[in-house]
Amino acid sequence: LDDHARNVTKKYVKEGEKRNRHQQPPQSSSLPVINFLSIDVEGHDFDVILGAAQTLKRTECLEFEYNWMGMWTKQTLKDAVTLLFDAGFTCYFAGTDKLWRITDCFVEDLYSFRTWSNVACVHAERVPEIAVKMESIFKRTLADKNFKPYIKKE
């Protein structure tokens, strides 16, 4: 993670430590599973993800926005996808009937390209049938000879 992300992470850890001294959160097993978590906070999506470690432990699928606004000017998609991969998620750029895997598909242009994008992630161990379906859509996207990913050349 870059320096800003480390600082944000430290902030959330410190806030969590303060909260835990005064009030113990409920056991995660008593909390419901989150089937789909949608994060849309106008450029602060990665901050939410950084602060959602406990929530991600019970999340099956999530979607967030990636763009050039807010904290995305200092944070990277690569760091977000790596953090989510470490939590068991596989992430894709999401389009209409198209998915483009960005987890374990390291193409530097994909991580540095900043446009308004939705990123959809699935936890394969929790919902393997959805993970298989998403990977199938990704493979279909790759096979589509008419599909041209939009990569803006600087």
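Throughout this description, residue numbers start from 1 for each chain and increase along the sequence as written. At least 70 in pLDDT is required for a residue's local features to be given in this predicted model, at least 80 for side-chain atom pairs to be given and counted, and no such filter applies to totals for whole chains, interfaces and linings, which use all residues. Excluded from the side-chain calculation are hydrogens and water; included are all heavy atoms of the structure.

1. What about the packing of aromatic side chains?
Alright, step 1. Stacked, tilted and edge-to-face pairs are distinguished by plane angle, under 30 degrees for stacked and over 60 for edge-to-face with tilted covering the rest, among Phe, Tyr and Trp rings (Trp via its six-membered ring) whose centres lie within 6.5 Å. This structure, assessed with the given rule, holds 5 aromatic pairs.
Alright, step 2. On the basis of an interplanar angle of 80° and a centroid distance of 4.9 Å, the ring pair of Tyr66 and Trp72 is categorised as edge-to-face. Like Tyr66, the residue Trp72 is buried in the burial classification.
Alright, step 3. Put simply, the rings of Phe46, Phe64, Tyr66 and Trp72 touch in pairs and so form one group of aromatic residues. Only protein chains enter the accessibility calculation, which uses a 1.4 Å probe. A residue is then buried if its area is under 20% of the maximum for its type, exposed if over 50%, and partly exposed in between.

2. Focus: the pairing of strand S3 (residues 89–95)
Residues in a regular strand point their side chains to alternate faces of the sheet.
Alright, step 1. Helical segments are the DSSP runs of H or I of at least four residues, strand segments are the runs of E of at least two, and each set is numbered from the N terminus. Among the 7 residues of S3, 5 are classified as buried, and the element is accordingly described as predominantly covered.
Alright, step 2. Direction of pairing for S3 relative to strand S5 (residues 117–123): antiparallel, over a ladder of 6 bridges. From the neighbouring strand, Ala94 faces S5, where its bridge partner is Asn118.
Alright, step 3. Both S3 and strand S4 (residues 98–101) contribute to a ladder of 4 bridges, which runs antiparallel. Looking at the pairing, Phe93 lines up with Trp100 of S4. In this scheme, strands are said to pair when DSSP sees at least two bridges between them.

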